[in-house]
Amino acid sequence: MSREHHYNVTVTWTGNRGEGTSGYRSFGRDHEVSAEGKPALHGSADPAFRGDPARWNPEELLVASLSQCHMLWYLHLCSLNGIIVTSYVDEPTGTMVVDSSGGGRFSEVTLHPTVMITTRNLHDKAMELHAEANKLCFIANSTNFPIHHEPVILDA
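Procedures and definitions
- Residues numbered from 1 in each chain as written.
- Predicted model: local features only at pLDDT ≥ 70, side-chain atom pairs only at ≥ 80, totals over all residues.
- Heavy atoms only, no water.
- Helix = DSSP H or I, 4+ residues; strand = E, 2+ residues; numbered from the N terminus.
- Rg over C-alpha atoms; globule rule 2.2 N^0.38 Å.
- Pairing = 2+ DSSP bridges.
- Axes fitted to C-alpha atoms, helices over the stretch in contact; angles between N-to-C directions.
- Buried < 20%, exposed > 50% of the residue type's maximum accessible area, 1.4 Å probe, protein only.
- Contact = heavy atoms within 4.5 Å.
- Expected span 1.5 Å × (residues − 1).
- Salt bridge = Lys/Arg side-chain N within 4 Å of Asp/Glu carboxyl O.

## Some remarks on the overall build of the chain
- When helices and strands are tallied, the chain shows 2 helices and 9 strands.
- Its helices and strands taken in sequence order, the chain reads β-β-β-α-β-β-β-β-α-β-β from the N to the C terminus.
- At 19 Å, the chain has a C-alpha radius of gyration far larger than the 15 Å of a compact globule built from 156 residues.
- Its C-alpha atoms give the chain principal-axis dimensions of roughly 65 × 35 × 35 Å.

And the structure:
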């Protein structure tokens, strides 16, 4: 049975410095991403594209989204398989390639989760579940670039 889920956000540009987009350097890239009942995310462009380095950029949010989705599926699968996770930290990395026209795309993302488990006899299964989580992740299934996994499983 197929079900649809809908997501509504508002993206508001806050970078008008009084001149609008009269020139490439005349406007800020600052914006806010909001959704009902949630605090706003303060966004900008990557600093390489005249953005504010203190704000989240879309590229970071994409990498974070892949990591979050993977983690949530992984924790679910561990709970179903009797693997007790006590800690999960990921430091994902993404590579974006910009072409000569200024456009670009992600060429890959690598997740680097460090997972602590109390079920020592299930290390192999804990490693295997990363591949399964990747197959189930909604965000990973929506990308057109490879997502690699370099997990570390530790005893809690």
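Let's pick the thread back up.
## Looking at the sheet that holds strand S2 (residues 31-34)
- Within the open sheet, the 3 strands sit side by side as S1-S2-S3. Their pairing is antiparallel. Both edges of this open sheet fall to strand S1 (10-13) and strand S3 (41-43), since each of them pairs with a single strand only. The mean angle between the axes of side-by-side strands here comes to 25°, regardless of whether they run parallel or antiparallel.
- In this structure, S1 lies alongside S2, joined through 4 bridges in antiparallel fashion.

## Some remarks on the side chain of threonine 110
- Tracing the sequence through the fold places threonine 110 in strand S6 (residues 104-111).
- On the accessibility criterion, threonine 110 (9% relative accessible area) is buried.
- In this view, threonine 110 contacts Pro92, Thr93, His148 and Glu150; residues no more than four positions away in its chain are not counted.

## Points about the environment of threonine 86
- Relative to the assigned elements, threonine 86 resides in strand S4 (residues 85-89).
- Taking the C-alpha atoms as reference, threonine 86 lies 16 Å from histidine 130; in sequence the two are 44 residues apart.
- Ignoring any residue separated from it by four or fewer positions in sequence, one finds threonine 86 in contact with Met116, Thr118 and Ala156.

## With respect to helix H2 (residues 123-136)
- Between its first and last C-alpha, H2 extends 21 Å over 14 residues, near the 20 Å set by a 1.5 Å rise per residue.
- Where H2 is concerned, the buried positions are Ala126, Leu129, His130 and Ala133.
- Looking at the buried residues of H2, the elements they touch are helix H1 (58-80), S4, strand S7 (114-117), strand S8 (147-149) and strand S9 (152-155).

## A few points about the pattern of salt bridges
- One pass over the full model with this rule turns up 4 salt bridges.
- With a closest N to O distance of 3.6 Å, arginine 55 and aspartate 30 form a salt bridge. Of this pair, arginine 55 sits in the loop between S3 and H1 while aspartate 30 is found in the loop between S1 and S2, placing the two residues 25 residues apart along the sequence.
- With a closest N to O distance of 3.9 Å, aspartate 52 and arginine 55 form a salt bridge.
- By relative accessible area, which is 27% here, aspartate 52 ends up partly exposed.
- Ionic contacts of the salt-bridge type, sharing partners, join the residues Asp30, Asp52 and Arg55 into one network.

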